[in-house]
Amino acid sequence: MAITFNSAYLDGFMADHEIAALAPAVQAAHNALHQKTGLGNDFLGWIDLPENYDKEEFARIKAAAAKIQKQADVLIVIGIGGSYLGARAVIELLKSQLYNNLKKDTPDIYFAGNNVSPSYLQEILSICEGRDIAVNVISKSGTTTEPALAFRVFKKLLEDKYGEAAKERIYCTTDKAKGTLKELADRMGYQTFVVPDDVGGRYSVLTAVGLLPIAAAGCDIDALMAGAAKARKALAEPDLMKNDAYRYAATRFALNQKGKAMELLVSFDPCFVMMAEWYKQLFGESEGKDDKGLFPNAVTFSTDLHSLGQFIQDGSKILFETFVDIKKPKQDLFIESDAQNFDGLNFLSNQNMSIVNKTVMDATILAHTEGGVPCAVLEMPEINEQEVGYMIYFFEKACAVSGYLLGVNPFDQPGVESYKKNMFALLGKPGYEERQAALKAKLAE
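What you are looking at is a predicted structure, and each value in this text was computed from that prediction instead of being measured. (Residues numbered from 1 in each chain as written. Predicted model: local features only at pLDDT ≥ 70, side-chain atom pairs only at ≥ 80, totals over all residues. Heavy atoms only, no water.)

*Asks:* Help me out: how do you make sense of the packing of aromatic side chains in this one?
*Replies:* Here the distance between the centres and the angle between the planes together describe a pair of aromatic rings. Within this structure, the stated rule accounts for 20 aromatic pairs. Summarising the aromatic geometry, the rings of tyrosine 248 and phenylalanine 395 are spaced 6.2 Å apart at their centres and angled 70 degrees between planes, so their arrangement reads as edge-to-face. Taken as a pair, tyrosine 248 in helix H11 (residues 244-257) and phenylalanine 395 in helix H15 (residues 385-406) lie far apart in primary sequence, 147 residues in all. The exposure class assigned to tyrosine 248 is buried, which follows from its relative accessible area of 1%. Considering the side-chain rings of phenylalanine 283 and phenylalanine 395, the 6.3 Å spacing of their centres and the 90 degrees angle between planes classify their relative orientation as edge-to-face. Of the two residues, phenylalanine 283 sits in helix H12 (residues 273-287) while phenylalanine 395 sits in helix H15, which places them 112 residues apart along the sequence. When its relative accessible area of 0% is taken as the criterion, phenylalanine 283 is described as buried. Over the ring of tyrosine 99 we find lysine 104; its NZ or CZ atom is 4.9 Å from the centre of that ring. One residue, arginine 169, lies across the ring of tyrosine 162, its end atom 4.1 Å from the ring centre. (Phe/Tyr/Trp six-rings, centres within 6.5 Å; stacked < 30°, edge-to-face > 60°. Helix = DSSP H or I, 4+ residues; strand = E, 2+ residues; numbered from the N terminus. Buried < 20%, exposed > 50% of the residue type's maximum accessible area, 1.4 Å probe, protein only. Lys NZ or Arg CZ within 6 Å of the ring centre and 35° of its normal.)

What follows is the structure, encoded as structure tokens:
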């Protein structure tokens with residue numbers, strides 16, 4: 001069990017000594033993380049989380065998930081960014097992109113509060129009609145605009161439907177001691193779970209932030225944490241050449257130094273789509289500072305080979321690819337021979353479709369490398385809770401080291417506040433009057 005980094009297809013794009021030369025910088029990044037001396041060191045709780053998590057709260061999470069499974073046909077998870085991406089990514093990877101359409105003993109799960117689209121919210125409300133509902137609202141403060149608006153709507157829906165009993169169906173994941181949501185939860189009697197002070201949102205999937213929805217979907221969170229614990233131990237190795245997460249981080253940095261502006265994370269299974277969205281936030285929000293950082297993007301092949309494949313193959317050489325090679329699919333399909341061979345595909349018969357999918361990946365890597373696109377491969381044995389837990393920690397560790405190699409703080413996100421200030425001003429929030437006038441003048445130009 002482990003994600004391994006395969007650099008075989010990078011031959012010709014970089015030499016071994018280019019990675020070896022980064023060993024001192026990687027060692028320094030490792031020391032900064034484990035000695036907690038680097039930028040953002042007050043947000044390093046995720047490093048030891050797989051072993052040092054709150055066991056009492058973990059038990060409460062499992063109990064709450066079991067309660068939700070009994071009381072609700074639909075669970076609405078309200079959050080934005082790291083408050084929902086990790087949970088949705090794990091559920092879709094372990095269960096299915098079509099989770100809500102499957103026959104199951106667990107509730108449908110819909111995610112709200114990650115946009116301000118009235119149509120989207122109305123559609124979820126219509127789905128809830130005539131069904132029993134529970135809500136998990138996730139917000140450190142309780143005042144972030146998008147989830148706060150959604151919670152206002154669903155709180156009223158539950159109160160109108162269940163009256164006083166609504167409080168038994170609202171679960172709050174928030175600050176342990178302060179904030180608008182914590183104060184409301186204490187006053188109303190909602191059950192609460194903690195967003196740790198020392199774990200930032202994009203690193204929080206293995207806290208109550210992600211674990212409660214994941215457990216409600218019927219995933220084994222004990223195994224998820226066990227996989228992350230194994231990764232914590234394996235990836236504590238400071239030697240660059242013995243630590244695949246560090247080799248991945250160093251390779252990304254070296255390719256960026258060679259002028260590559262984008263990393264394209266490639267998967268060959270649609271169930272990985274939301275995990276790629278989580279990766280995009282993790283790396284984009286961590287590295288994109290001080291005019292630095294790779295732009296994180298993602299594609300699903302072979303689907304996107306018929307849309308973006310031409311650009312990747314023959315377009316401007318601004319990117320490199322990291323392929324996620326899942327060795328064993330969750331399910332397989334045997335391709336039978338057709339007597340008429342009406343589609344001319346009998347040459348694919350009498351084998352599993354996973355073999356065809358793997359061959360498409362091999363053919364793509366060869367074509368893209370021949371076309372001048374560097375390709376790295378992350379090999380994942382299979383999809384299960386332990387492997388996914390390992391993968392999450394792998395990406396988190398690689399991302400933190402990547403940030404330190406760039407010389408940025410991987411744990412803050414000052415740029416995110418810019419749009420919020422403008423939004424508050426334009427919407428007329430008290431205290432933003434002067435900014436509002438300046439922005440309206442610009443819009444009028």
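Okay, back to it.
*Asks:* It is not clear to me how the sheet that holds strand E8 (residues 295-300) should be interpreted in this structure. Could you clarify?
*Replies:* Through backbone hydrogen bonds, the strands of a sheet pair up, either in parallel or in antiparallel fashion. The strand order across the open sheet built from five strands is E1-E12-E9-E7-E8, with neighbouring strands paired in mixed fashion. Edge positions in the sheet fall to strand E1 (4-6) and E8, since each has one partner strand and no second. Between one strand and the next, the sheet's axes are offset by a mean angle of 25 degrees, whatever the strand orientation. Here E1 runs beside strand E12 (residues 375-382); their pairing, made up of three bridges, is antiparallel. Looking at E12, one finds that threonine 4 is bridged to glutamate 379. Along the sheet, helix H14 (residues 353-370) contacts strand E9 (319-328) and E12; its crossing angle with E9, the most-contacted strand, is approximately 160 degrees. The sheet contacts of H15 involve strand E7 (262-267) and E12, and relative to E12 the element is tilted by about 150 degrees. (Pairing = 2+ DSSP bridges. Axes fitted to C-alpha atoms, helices over the stretch in contact; angles between N-to-C directions. Contact = heavy atoms within 4.5 Å.)

*Asks:* Help me understand the side chain of histidine 368 in this model?
*Replies:* Considering the arrangement of structural elements, one finds histidine 368 in helix H14. Histidine 368 sits in the buried class, given a relative accessible area of 2%. Reaching out from histidine 368, the side chain makes a polar contact with the side chain of glutamate 321 at a distance of 2.7 Å. Once you skip the residues sitting within four places of it in the chain, histidine 368 turns out to touch Phe301, Leu305, Gly309, Ile312, Gln313, Glu321, Phe323, Val373 and Cys375. (Polar contact = N/O pair within 3.5 Å; in protein donor to acceptor, adjacent residues only side chain to side chain.)

*Asks:* Just to check I follow, could you spell out H12 for this structure?
*Replies:* An α-helical turn contains 3.6 residues, so any two residues separated by three or four positions project in the same direction. Between its first and last C-alpha, H12 extends 21 Å over 15 residues, near the 21 Å set by a 1.5 Å rise per residue. Across the 15 residues that make up H12, a large majority, eleven, are buried. Its buried side turned inward, H12 meets helix H5 (85-94), H11, E7, E8, H15 and helix H16 (416-427). (Expected span 1.5 Å × (residues − 1).)

*Asks:* What should I look at first to understand the environment of phenylalanine 323 in this one?
*Replies:* Residue position: phenylalanine 323 is located in strand E9. Look at phenylalanine 323 and you get buried, because its relative accessible area is 0%. Along the backbone, phenylalanine 323 and threonine 173 are 150 residues apart, and their C-alpha atoms lie at a distance of 34 Å. With near-sequence residues (within four places) excluded, phenylalanine 323 lies in contact with Val266, Phe268, Phe301, Met361, Thr364, Ile365, His368, Cys375, Ala376, Val377 and Leu378.

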